[in-house]
Amino acid sequence: MIGVIGAGAFGTALAVSQAAAGRTTRIWGRDAAAMANMDAARQNTRRLPDVRLPDPLACVGDLSELRGCAVLLLVTPAQETAGFLEAHQADLPDAPLVLCAKGIGARRQRLQSDMVADVFPGRVVAALTGPGFAGEIAQGLPTALTLACADLDLGRSLQARLSSPRLRLYLTDDVVGAQLGGALKNVVAIGCGMVAGARFGHAAQAALLTRGFAEMTRLAVAMGARAETLSGLSGLGDLSLTCNSAQSRNFAAGHAIGAG
């Protein structure tokens with residue numbers, strides 16, 4: 001059984017993807033009443049109203065319902081990860097934890113994996129990141145993501161458990177690089193949106209994306225990542241997607257700023 005923690009758009013999309021592959025899946029959200037309504041309506045009317053929830057997917061409002069899960073996907077917002085882990089330390093089953101949020105903790109400048117280490121010292125975690133829009137994943141459109149795990153044996157097991165014909169996962173052991181690619185591209189995407197909103201032209205947008213990628217890579221390497229990781233799906237791939245589409249919240253926010 002696959003457990004998904006966080007019932008936003010991306011969490012719902014990942015849960016739908018797993019259930020559509022025939023896997024028994026449970027998704028948890030903090031509002032128990034909303035989760036009961038979501039389960040009854042068989043759709044996330046607020047986040048993904050056009051997607052029907054497959055039958056193998058159950059929506060729950062009690063974390064105890066995730067006991068027995070073989071894998072946990074943690075899809076809480078990046079800035080809430082530390083607080084969630086601290087508050088629910090005793091409630092989470094001892095299953096492999098896959099981090100799906102993209103971001104660096106603003107309060108202490110910590111990666112998502114660092115936050116887990118603070119609460120669960122020594123626990124091996126994985127990170128799932130890369131170029132994927134929630135709506136497209138939920139609709140079953142072909143998507144390729146990076147799965148990063150320092151323990152490659154566990155990584156291969158998770159890769160087999162979570163991959164599907166429509167969702168292909170590429171494995172790396174560079175957990176730091178994968179997380180930084182997903183977090184740092186947000187800043188560049190806001191900048192590209194500003195360039196587009198200000199109508200500075202496609203050449204300026206391409207220049208910002210390219211030089212932004214170079215800066216992302218230098219910073220990530222300085223923080224212990226491998227440069228080739230940034231050249232993959234979790235870096236360049238995600239950057240390309242989010243810097244060129246109005247579906248990206250970062251690009252859309254930048255565009256609004258650039259347009260005034």
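Keep in mind it's a predicted model, so treat the numbers as computed, not measured.

Analysis parameters
- Residues numbered from 1 in each chain as written.
- Predicted model: local features only at pLDDT ≥ 70, side-chain atom pairs only at ≥ 80, totals over all residues.
- Heavy atoms only, no water.
- Helix = DSSP H or I, 4+ residues; strand = E, 2+ residues; numbered from the N terminus.
- Rg over C-alpha atoms; globule rule 2.2 N^0.38 Å.
- Buried < 20%, exposed > 50% of the residue type's maximum accessible area, 1.4 Å probe, protein only.
- Pairing = 2+ DSSP bridges.
- Axes fitted to C-alpha atoms, helices over the stretch in contact; angles between N-to-C directions.
- Expected span 1.5 Å × (residues − 1).
- Bend = angle between axes of the 7 residues up to and from the residue.
- 1 Å grid on protein atoms, 1.4 Å probe; cavity = no way out; pocket = protein on both sides within 12 Å on 5 of 7 lines; lining within 4 Å.
- Points joined across faces, edges and corners; volume = space filled by probe spheres on them.
- Nonpolar A, V, L, I, M, F, W, Y, C, P; charged D, E, K, R; others polar.

**Re the overall build of the protein chain**
From N to C terminus, the protein chain includes eleven helices and eight strands. Here the C-alpha radius of gyration of the protein chain, 18 Å, is about what a compact globule of 260 residues would show, namely 18 Å. The principal-axis extent of the C-alpha atoms belonging to the protein chain is close to 50 × 40 × 35 Å. Looking at the protein chain as a whole, 50% of its 260 residues are labelled buried.

**Brief notes about the sheet that holds strand E1 (residues 2–5)**
Sheet architecture is open: eight strands sit in the order E3-E2-E1-E4-E5-E6-E7-E8, paired in mixed fashion. Two strands lie at the open edges of the sheet, namely strand E3 (57–60) and strand E8 (167–172), each paired on one side alone. Going from strand to strand, the sheet's axes swing by 25° on average, the running direction of each strand aside. Alignment of strand E4 (residues 71–74) against strand E5 (residues 97–99), held across three bridges, turns out to be parallel.

**Structural notes on helix H7 (residues 175–197)**
Look at H7: 34 Å from first C-alpha to last across 23 residues, which is about the 33 Å you get at 1.5 Å a residue. Asn 186 marks where H7 bends most, by close to 25°. The buried count for H7 comes to 18 of 23 residues, which makes it a mostly enclosed element.

**Some words on empty space enclosed by the protein**
In total, this model carries two cavities of 30 Å³ or more according to the counting rule given. In this structure, the largest cavity occupies an estimated 50 Å³ of space. Forming the walls of the largest cavity are Leu 99, Ala 101, Lys 102, Gln 112, Ala 127, Leu 128, Thr 129, Ala 178, Gln 179, Gly 182 and Ala 183. Put simply, the parts of the chain that give the lining of the largest cavity at least two residues each are strand E6 (125–129) and H7.

**Description of the layout of surface pockets**
When its volume is computed, the second largest pocket comes out at roughly 190 Å³. If you go around the second largest pocket, you meet 14 residues; those closest to its centre are Ala 82, Gly 105, Arg 107, Arg 108 and Met 115. Among the secondary structure elements, those contributing two or more residues to the lining of the second largest pocket are helix H3 (81–87) and helix H4 (112–119). Here the residues of the lining of the second largest pocket sort into five nonpolar, three polar and six charged.

**With respect to the pairing of strand E7 (residues 143–149)**
For a regular strand, the rule is simple: side chains alternate between the two faces of the sheet. With six of seven residues buried, E7 lies mostly within the body of the structure. Sheet analysis places E6 next to E7, joined by four bridges and oriented antiparallel. By the bridge assignment, Ala 126 is partnered in E7 with Cys 149. Bridge count between E7 and E8: six bridges; the pairing is parallel. Residue pairing for E8: Ala 144 is matched across the bridge by Arg 168.

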